[in-house]
Amino acid sequence: MQNDTLVRIPANAWEQLRDLYKQDWPRHEIAYNNVQNYIRWVELDPPISATLIVYSLNGSWRQNGTYIIIDHTNVFMYTLDHTGDTLKRMLLLLDWHHSYVMNMCLYRAIVLEVYQLHRLEIAFDSADVIYHLPQQVARHFRYDLPVGLTLKRIPPHYASFIYNQWLNKSVGTEYFIERMLRWNDSMGLFCEGVREPLAWCIRTQNGALGQLGVVAQRKGYGSLVVKAFASRLAEQGHNTYASVRHTNVASRKLFEKLGFRIAGEASWLKNMKSTFDDSELRRVIKA
């Protein structure tokens, strides 16, 4: 590890990185979708590449596909290295004087170990269940819309409304919601004569359903939106994923009732900014 460095993967190599995750399909579908999302985003709005970083360790991403994406404060990471060693070495090299949100992270133990080594306090920690629904199942979904209700993509100007309904508010969240509404698929349930949606859901940067919300409980709005969204994704050739907090019993029952099955576990982690002078630790890392 003496000469370990974080090396940016150029945008013209992202398709090659993405395709490393085609193996053992759909096991690595989320990692594939994550890279594809940013390929498309840069095509839609090239200037965002200035604040978007895709890191590898020593430029060796072709060996095991390990990458870390930093999108402002959002971090996504995946690896084909079953030992996790490559990913740990990369995380140790990040500038932890920043606060990052680890999105739907599959590598909780590694992240927590790095937090400990850098003496980082945890600002947020959520244990989630990853649900999966094959496109073949979603294609058979049937649903009836009550009179006066319509399902459609959510315009970006509803970002503020969705943000204000969200429990886990943080700096920049509204901006991230607005970007996803602009560039990713979404599904909103609208009522004639009512301005705001009755229910909503957005496809996040790694392809999973996110920001699922309703204005009124026990009316079946959430189930209706998820069915419609999964059906649309199936038409596009995608399976459907969702990350649901372990303790969110209502949402878990909703997904399981619709036929979603547990595909694994993930964590959402956020660190406090480091106040630790880690120069000594960095010397040990490089030794």
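Residues numbered from 1 in each chain as written. Predicted model: local features only at pLDDT ≥ 70, side-chain atom pairs only at ≥ 80, totals over all residues. Heavy atoms only, no water.

For the protein chain, an unreviewed UniProt entry supplies the name N-acetyltransferase domain-containing protein and the organism Anopheles minimus.

A few words on the overall build of the protein chain. Scanning the protein chain from terminus to terminus reveals eleven helices and twelve strands. Against the 2.2 N^0.38 benchmark of 19 Å for 287 residues, the protein chain shows a C-alpha radius of gyration of 20 Å, consistent with a compact globule. Overall, the C-alpha framework of the protein chain stretches about 70 × 40 × 35 Å when taken along its three principal axes. Burial statistics for the protein chain: of 287 residues in total, 51% are counted as buried. Contacts in the protein chain between residues at least 24 apart in sequence constitute 72% of all its contacts with a sequence separation of at least 6. Of the accessible surface of the protein chain, which amounts to about 14200 Å², a share of 51% is contributed by carbon and sulfur atoms. In the protein chain, the 33 positive side-chain charges and the 27 negative ones have mean positions that sit 5 Å from each other. (Helix = DSSP H or I, 4+ residues; strand = E, 2+ residues; numbered from the N terminus. Rg over C-alpha atoms; globule rule 2.2 N^0.38 Å. Buried < 20%, exposed > 50% of the residue type's maximum accessible area, 1.4 Å probe, protein only. Contact = heavy atoms within 4.5 Å. Areas by Shrake-Rupley, 256 points an atom, 1.4 Å probe, with all protein chains shown as cover. Lys, Arg positive; Asp, Glu negative; His and termini not counted. Charge placed at Lys NZ, Arg CZ, Asp CG, Glu CD.)

This brings us to the pattern of salt bridges. Per the counting criterion, the structure on display carries nine salt bridges. A salt bridge links R89 to D4; its shortest N-O distance comes to 2.9 Å. Of this pair, R89 sits in helix α4 (residues 85-93) while D4 sits in the segment before β1 (6-8); the two residues are 85 residues apart in sequence, bridging distant segments of the chain. Sharing partners across several salt bridges, the network here consists of D4, D85 and R89. (Salt bridge = Lys/Arg side-chain N within 4 Å of Asp/Glu carboxyl O.)

Turning to its location among the elements, I48 is positioned in the loop between α2 (29-44) and β2 (52-57). Placed 23 residues apart in sequence, I48 and D71 show a C-alpha to C-alpha distance of 9.1 Å.

On to unusual backbone geometry. Here the amide bond leading from W25 into P26 is cis, since omega sits at 5 degrees, within 30 degrees of zero. Mapped onto the elements, P26 comes out in the loop between α1 (14-19) and α2. Look at R218: it is not a glycine, yet its phi comes out positive at around 65 degrees. By the element assignment, R218 lies in the loop between β10 (209-214) and α9 (221-235). Since its relative accessible area comes to 86%, R218 is described here as exposed.

Per the domain assignment, the segments making up the protein chain are domain 1 (6-127 + 269-274) and domain 2 (132-266). A separation of 25 Å is found between the C-alpha centroids of domain 1 and domain 2. Taken together, the 25 residues of domain 1 in the interface contact 23 residues of domain 2. The three residues of domain 1 that bury the most area against domain 2 are W41, M104 and A127, which together make up 28% of that side's buried surface. Scanning the region where domain 1 abuts domain 2 turns up one salt bridge. Here D71 makes a salt bridge to R179, at a shortest N to O gap of 2.5 Å. There are eleven residue pairs in polar contact (both at pLDDT 80 or more) connecting domain 1 and domain 2. By residue number, the principal contributor to the side of domain 1 that touches domain 2 is α2, which donates nine residues. (Domains from an automatic or database assignment. Buried area = accessible area lost by both parts, 1.4 Å probe. Polar contact = N/O pair within 3.5 Å; in protein donor to acceptor, adjacent residues only side chain to side chain.)

Looking at the secondary structure, you find E29 in helix α2. Despite its burial, E29 pairs with no opposite charge, the nearest such side chain being R203 at 5.9 Å. In terms of polar contacts, E29 uses its side chain to reach the side chain of Y241, at 2.7 Å. For E29, the residues in contact, after removing those within four places along its chain, are H238, N239 and Y241.

Moving on, we get to helix α5 (residues 108-117). Regarding α5, the residues found buried are I110, V111, V114 and Y115. The buried residues of α5 all sit within an arc of 140 degrees when viewed along its axis, so they share a single face. The exposed set on the far side of α5, more than 90 degrees from its buried face, consists of A109 and Q116. Contacts from the buried residues of α5 go to β4 (74-78), α4, β5 (101-105), β6 (122-133) and β12 (261-271). (Arc of directions from axis to C-beta.)

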